[in-house]
Amino acid sequence: MGGEFVLRKPRNGIKCRRFDRCNTMRQTETELFSEETRERRRGRGRGRRRRINGSFFLDMIILFRPCFFNFLFLSLFLLSSSSSSSSVLSSKTENLSPRNQTLRPLEELNKLKAINQHLRKINKPSVKTIHSSDGDIIDCVLSHQQPAFDHPRLRGQKPLDPPERPRGHNSRGLSPKSFQLWRMDGETCPEGTVPIRRTKQEDILRANSVSAFGKKLRHFRRDTSSNGHEHAVGYVSGEKYFGAKASINVWAPQVQNQYEFSLSQIWIISGSFGNDLNTIEAGWQVSPELYGDNYPRFFTYWTNDAYQATGCYNLLCSGFVQTNSQVAIGAAISPSSSFKGGQFDITLLIWKDPKHGNWWLEFGSGILVGYWPSFLFTHLREHASMVQYGGEVVNSSPFGAHTSTQMGSGHFAEEGFTKSSYFRNIQVVDWDNNLVPSPNLRVLADHPNCYDIQGGSNKAWGNYFYYGGPGKNPKCP
């Protein structure tokens, strides 16, 4: 189009007299015309774009103007009202904040991870598994793989051989198969293994935390009701003691809630009733929190710092070394005594091995259960300064009243045989490894109107006492 000539009259009115001049004029005029045309087109395009852009933004403002003013008004209203009600809103929404809602699942997840890690630590591989009628699972674990050998001082070792028994010890009694539920069907663990009650996830979930699982609450004195622990005990003190023995009848006392327990046991004690208290304990207990039921169970315990950081029940930490394949510590005892009926008791002996210094535990008819290594302790490495026998309950004072958790049979001491719980043939081990009657046995009850104790002595039972009670009653509100 730009190279084509158009013959037309010149726009300036000048006549063309010569062809070359006229041709040049036409060419120049054509170029000017083309340039003006392009300018007009560019101008129309710029105007059209301005109109289009301008109309778009104007339409948007018109369209959203109501929403904009509504939003502005709402923002100003909330800003003005938030200052007057900030304290109320913050208190109501504090627990609903996204941060808190996010932390709860994370905390639960971390707790479950910690529980599973702890279960892997204390539940050892087994060569045989036995399912008990009470719901327990008993694992037969190789003796050198039990939790005790996780301790740095025991790692790579094996259980020690049996020590010398105290002189004057009579090994008559019941065989283990007649007193624990897991043995009722004739099941046993092979030689070279130890039966260990398997810990389940729900067992740890009942505790306040993983670190609190398997531990007693801290309390300092057994002659006071500190921290809700109440006692009715017989005790000896003032000499050096190297062991103790007694027969205890077994009951199934009612425990009011899962945060309480009821037990009957022997305590071997040394140190002050402060942070350095050392104890070795064994007996039977009903503890819904620890076991998830109300069966009386055979148990052990130890601590060297007044129930703070060290020690545990049974085999729930590295400490007690089990040597027997027929007794499961923490397993349910059956049968138990009945009111005005048959009485079932167990005999326990704890003594210090004169040769190696370890504290050994014997059950019933000469069955060695195992030992507490002497290095676990400070004061008990040498001897005990006190021995106690009796009952203990936790009183959580539910609803502001005394607990109705029973001690022993749930009946007072004055009701006597077949009705009250008892300790009989109470003895201690002296410095020369002799079993002798407990000298100067004294009795004490923290709250006699709730749980009491009465002592005596005769030829058949030697030193003995009845103890126990119902807890809450008209004299113990």
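Residues numbered from 1 in each chain as written. Predicted model: local features only at pLDDT ≥ 70, side-chain atom pairs only at ≥ 80, totals over all residues. Heavy atoms only, no water.

Let's talk about the state of the cysteines
One pass over the full model with this rule turns up three disulfides. A sulfur-sulfur distance of 2.0 Å marks the disulfide that ties Cys140 to Cys189. On the sign convention where negative is left-handed, the bridge of Cys140 and Cys189, at about -75° about the S-S bond, is left-handed. With a gap of 49 residues between them, Cys140 in strand S2 (residues 137-142) and Cys189 in the loop between S2 and strand S3 (193-197) connect regions that are remote in the sequence. Comparing Cys140 with Cys189 shows no difference in burial state: the two are buried. (Disulfide = S-S within 2.5 Å. Helix = DSSP H or I, 4+ residues; strand = E, 2+ residues; numbered from the N terminus. Buried < 20%, exposed > 50% of the residue type's maximum accessible area, 1.4 Å probe, protein only.)

Some remarks on unusual backbone geometry
Where the residue is not glycine, phi is negative for most of them; where a peptide bond is considered, it is trans in most cases. Cis geometry is adopted by the peptide bond preceding Pro335, which originates at Ser334 and carries an omega value of 5°. Looking at the element boundaries, Pro335 is found in the loop between strand S10 (321-322) and strand S11 (345-352). The phi torsion at Lys340 lies on the positive side, around 60°, for a residue other than glycine. Its place among the elements puts Lys340 in the loop between S10 and S11. If you check the backbone angles, Phe399 has positive phi at about 60° while not being a glycine. Within the fold, Phe399 resides in the loop between strand S14 (384-394) and strand S15 (421-429).

What to know about the sheet that holds strand S4 (residues 229-241)
Strand order across the open sheet formed by seven strands is S9-S8-S7-S6-S14-S4-S17, with antiparallel pairing between neighbours. Of all strands in the sheet, those bounded by a partner on one side alone are strand S9 (312-313) and strand S17 (442-445). When strand S6 (residues 262-270) meets strand S7 (residues 278-286), the two strands line up antiparallel, connected through nine bridges. Across the sheet, Ser262 pairs through a bridge with Val286, a residue of S7. (Pairing = 2+ DSSP bridges.)

Side note on the environment of Leu277
Relative to the helices and strands, Leu277 is located in the loop between S6 and S7. For Leu277 and Thr378, which are 101 residues apart along the polypeptide, the C-alpha to C-alpha distance reads 8.9 Å.

Comments concerning the side chain of Lys124
Structurally, the position occupied by Lys124 is in the loop between helix H2 (98-122) and strand S1 (128-131). Lys124 gets classed as buried once you look at its relative accessible area, which sits at 16%. Polar contacts involving the side chain of Lys124 include one to the main-chain carbonyl oxygen of Lys121, which spans 2.9 Å. (Polar contact = N/O pair within 3.5 Å; in protein donor to acceptor, adjacent residues only side chain to side chain.)

Section: the sheet that holds S3
Taken in spatial order, the three strands make up an open sheet running S1-S2-S3, and their pairing is antiparallel. What marks the edges here is a single partner per strand, and that holds for S1 and S3. Mean inter-strand twist for the sheet, computed between neighbouring axes without regard to direction, equals 25°. As judged from the five bridges shared by S2 and S3, these two strands associate in the antiparallel manner. Looking at the pairing, Asp139 lines up with Ile196 of S3. (Axes fitted to C-alpha atoms, helices over the stretch in contact; angles between N-to-C directions.)

Quick notes on the packing of aromatic side chains
Evaluated as defined, the whole model comprises 19 aromatic pairs. Where Tyr464 meets Tyr466, the ring centres are 5.9 Å apart and the plane angle is 75°; that geometry is what we call edge-to-face. Owing to a relative accessible area of 17%, Tyr464 belongs among the buried residues under this scheme. Ring pairs connect the aromatic residues Phe417, Tyr422, Trp461, Tyr464 and Tyr466, which therefore count as one cluster. In this arrangement the basic side chain of Arg183 is found over the ring face of Trp182, its NZ or CZ atom lying 5.6 Å from the centre. Over the aromatic face of Tyr301 sits the side chain of Lys216, whose NZ or CZ is 5.6 Å from the ring centroid. (Phe/Tyr/Trp six-rings, centres within 6.5 Å; stacked < 30°, edge-to-face > 60°. Lys NZ or Arg CZ within 6 Å of the ring centre and 35° of its normal.)

Here we look at the pattern of salt bridges
Enumeration over the complete set of coordinates arrives at 15 salt bridges. Of the charged contacts in the structure, one is a salt bridge between Arg297 and Asp293, with a shortest N-O distance of 2.6 Å. On the basis of relative accessibility, which here comes to 14%, the residue Asp293 falls in the buried class. Here the residues in one salt-bridge network are Asp134, Asp136, Arg197, Asp203, Arg206, Asp293 and Arg297, joined through shared partners. (Salt bridge = Lys/Arg side-chain N within 4 Å of Asp/Glu carboxyl O.)

Some thoughts on the nonpolar core
Counting 91 residues, the largest nonpolar core has Ile266, Ile268, Trp372 and Tyr389 as the members making the most contacts within it. Counting residues per element, this core draws most heavily on S14, at six residues. Discounting residues that sit within four places of it in the chain, Ile266 has contacts with Ala244, Lys245, Ala246, Ile280, Glu281, Ala282, Leu348, Ile350, Val387, Gln388, Tyr389 and Phe423. Among the nonpolar cores identified, the runner-up in size contains seven residues, and Ile138, Cys140, Ala328 and Ala331 belong to it. (Core = buried A, V, L, I, M, F, W, Y, C linked by side-chain atoms within 4.5 Å. Contact = heavy atoms within 4.5 Å.)

A look at the environment of Ser237
Mapped onto the secondary structure, Ser237 falls in strand S4. For Ser237, the contacting residues outside a window of four places in its chain are Ser385, Met386 and Arg442. Here the side chain of Ser237 touches Arg442 through a polar contact of 3.1 Å, side chain to side chain.

Describing the confidence of the model for the protein
In this model, the protein carries an average pLDDT of 83, and 75% of its residues clear a pLDDT of 70 or more. Segment residues 45-102: pLDDT under 50, and five contacts once partners within four positions in sequence are set aside and those in other chains are kept. (pLDDT = per-residue confidence, 0-100.)

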